[in-house]
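# Residue-level structure breakdown
Each chain is listed here by its residues.
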Amino acid sequence: MQTGLRLPEEALITVTAPAGPGRVLTPIVGLSGEALLDRQPRSVADALRGLPGVSVRTNSRGETVARVRGSDERQTLVFLDGAPLAVPWDGRVDIGLIPAGLIGGLSVRKGAGAIEYGANAVAGVVDLTTRQEGSLAVAQAGPYALKNLSAAGVVPLGGLSLTLAATHQAQGALPVARRSALPFNQPASDRRTNTDLAATSLFAGLGGMAGALEWRVSVLNIDARRGIAPESDRDPASARYWRTPDWNLTQAQVALELPIGAATARAVGWRQWFGQTIEAYRDVTYAALRSREIDEDNTVGGRFTLSHPLGPTSLRWSLSGQVSDHLQTDIAIPPGTQPAPLLYRQSLASGGVEADVPLGAARLTLGLGLDRSANPRTGDKPVQPARQAATFSAALALKPADGVSLTVSGGRRNRFPSARELFGEALGRFLPNPALLPEQAWLADAELGWRAGPFTLTLTPFWQRVEGSIGQRIVRVNGVNLRQRFNQAPATSIGVDAAMQVPLADGLTLELTGSALDASSTGQPLLQRPAHEMLIALDWAPREAFDLRAELRRVGPARDLAPDGNLARLAPATEINLRARVPVFRIGTVPISATAAIDNLTNAVILPQLGLPQPGRSIRIGLIVGG
């Protein structure tokens, strides 16, 4: 049985950037529905761990984010059924709160991605699709009041298709791997300070045909509250003590597809409402409030594409844009009086064209476009000029021999600073820098794939150079060290992604994935970029009687910024994860399976960021219905 790792040559149709007979897309990796079932992820963040070229970490705000090939997390956009999920104020979304039970398929597109993704999709795109068929229910529990409950299913209604999903995640606290790794802000307890979570999500989607028009409307709501672990690498006087008692994201979207003769028109529209409250406390007791931040965001956007032949060439025109308002209220305690909110507004627009050109046995796709960003409302900060930049790309696909494929791609992509990067102060942690300029990324890669029956091997060397890369520095203001974002010298990343699947016996598959990375700017390493990440997994599913999976994940050394502004080393670490799924009985044709999952079996200390280690050993047992 294959583990379900998606490698090149497998057709992957997504709402966002559909494949076509002559279209050359940049490197892709992902997971099929069967692989998602075997890995038992609770969230999209769990599902992404171990994919080559993808690094997942939880930041100091408690958000879980993904980086592709050492890029910044804001250079990696997340799409759900064709619409971006990122909250524009911050330029990212917490993938730890997107439930895995909702997802029918997951892919990561790397490099100079398709024109449909628009501005800010610089180094990679996480493309999520909701369940399109079947049903699945999961119930799991574990120590520290851990709960994972989800159900999703597709119901045919005559000529319509209704998708419903609901998920609840909860935990009383995250386990501590080793208390000695937390020198500050951690009492003598194996429960990580202030790491409780409760999150509930609901999804509904309805689709069908109206003549030749295919349509689908959907709504996703995620409601959460959580604690945010305090930094353990600094003394109590300089650490941050935060909680988010209210976090809510609602996104409604509509997707349309209509053939018009030989052409095809596609449109996706989205409306997003986001709100959160961040409370800052005075010390680790979380008893006395110091300040409160109230955020309210309202975003509307859309994308239109038209594909049509022109002689032997196929053309694809794309136009996308969105406008987002951010209302922010900062309350100091005392006195606790609520001032008038500050209004920030940012608009993004992208347009361009791609051409698929046949070259004998080879295929070539060329792209050219323009991105634009404006900030017409800037709260109490200086007015900013609108900025724009061109984007272009080329991708060539060859088949040198049977079972062998080669894709060479490259181009330039743009990322405009988010409004938070320009104007945000993070409850006194950051010094704003409204003069930030856009990042421009030059990207190149060559993906070599080899298939021999069920055996697959993919090697992808890559090179990235980001001009105007946004980094962080320490600025001392009135005797206090504040962080400030700035356009640093060009940053260069060079590395290689690799993935291999080897069938060892009937139902037994060896999976090897990994990345090696060297990322630096003016001779200094980029922060929090491991030198290598590797996953070795054995998946045993004899005749689908059961499924056992063992994973060894190795994370290499990295560097981070210490509180005094100096570079500190993040030590390498090895994590072992185990999974089991055993069918126990059936109700009619519906299988019921018992499950068990152990994360970080050996309680390894894994530091993706100074002072914020990953959790220690976690155990889950439960049932899966369907699948």
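Scroll up a little and you will see the structure.
Overview of the structure. These numbers were taken from a predicted model, which means no experiment stands behind them. What you see as residue numbers is a count from 1 along each chain, following the sequence as written. For a predicted model such as this one, the threshold for reporting local features is a pLDDT of at least 70, and the threshold for listing and counting side-chain atom pairs is 80 or more; totals across whole chains, interfaces and linings nevertheless cover every residue. By convention in this description, side-chain values take in all heavy atoms of the structure and omit both hydrogens and water.

## Considerations on the overall build of the protein chain
Defined as follows: By the criteria applied, helices consist of DSSP H or I runs no shorter than four residues and strands consist of E runs no shorter than two, each listed in order from the N terminus. Values of the radius of gyration come from C-alpha atoms, whereas the globule rule sets the reference at 2.2 Å times the count of residues to the power 0.38. For the exposure calls, accessible area comes from a 1.4 Å probe over protein chains only, and a residue counts as buried if that area is under 20% of its type's maximum, exposed if over 50%, partly exposed in between. Each accessible area is a Shrake-Rupley estimate made with a 1.4 Å probe; only the visible protein chains count as cover when residues are assessed. Charged residues are defined narrowly, with Lys and Arg counted positive, Asp and Glu counted negative, and His plus the chain ends left uncounted. Charged side chains are reduced to one point each, which is NZ for Lys, CZ for Arg, CG for Asp and CD for Glu.
From N to C terminus, the protein chain includes three helices and 35 strands. A globule of 627 residues ought to have a C-alpha radius of gyration of about 25 Å, and the protein chain, at 24 Å, matches this closely. Reported as C-alpha extents along the three principal axes, the dimensions of the protein chain are approximately 70 × 60 × 50 Å. Here the protein chain, with 627 residues, has 56% of them falling under the buried criterion. Split by element, the accessible area of the protein chain, about 24,600 Å² in all, is 62% carbon and sulfur. Here the protein chain contributes 62 positively and 55 negatively charged side chains, and the mean placements of these two sets differ by 3 Å.

## Remarks on the nonpolar core
Our working rule: The criterion is simple. A nonpolar core is a set of buried Ala, Val, Leu, Ile, Met, Phe, Trp, Tyr and Cys residues joined through side-chain atoms within 4.5 Å. Contact definition: two residues touch when any of their heavy atoms are within 4.5 Å.
Of all hydrophobic cores here, the largest spans 38 residues; its most connected members are L48, I95 and L128. It is helix α2 (residues 44–48) that contributes the most residues to this core, four residues altogether. If sequence neighbours within four positions are ignored, I95 has contacts with S43, V44, A45, L48, T64, V65, A66 and V78. Ranked by size, the runner-up nonpolar core spans eight residues in total, among them L77, F79, A114 and V125.

## A word on the packing of aromatic side chains
We describe a pair of aromatic rings using the distance from one ring centre to the other and the angle between the two ring planes. Worth spelling out the cut-off: Here is the rule: rings of Phe, Tyr and Trp (six-membered ring for Trp) pair when centre to centre is within 6.5 Å. Planes less than 30 degrees apart are stacked, more than 60 are edge-to-face, and the remainder are tilted.
According to the stated counting rule, one finds nine aromatic pairs in the structure shown. Pairing F392 with W442 gives two aromatic rings, centres 5.6 Å apart and planes at 65 degrees, and the pair type is edge-to-face. Here W442 lies in strand β22 (residues 439–452) and F392 lies in strand β20 (residues 387–401), a separation of 50 residues in the sequence. Its relative accessible area of 30% is what places F392 among the partly exposed residues.

## Brief notes about the side chain of E421
As a reminder, the rule being used: Contacts described as polar in this section are N or O atom pairs within 3.5 Å, which, within protein, must combine one atom able to donate a hydrogen with one able to accept it, while residues neighboring in sequence count only if both atoms come from side chains.
Tracing the backbone through its elements, the reader meets E421 in helix α3 (residues 419–423). A polar atom in the side chain of E421 sits 2.9 Å from the side chain of R415. For E421, the side chain forms a polar contact with the main-chain nitrogen of S418, separated by 2.9 Å. Dropping the residues within four chain positions of it, E421 is found in contact with R74, R415, N433, L436, I470 and R485.

## Some remarks on the environment of D235
With respect to the helices and strands, D235 occurs in the loop between β13 (213–228) and β14 (242–260). The spatial distance from the C-alpha of D235 to the C-alpha of W270 is 44 Å, given a sequence separation of 35 residues.

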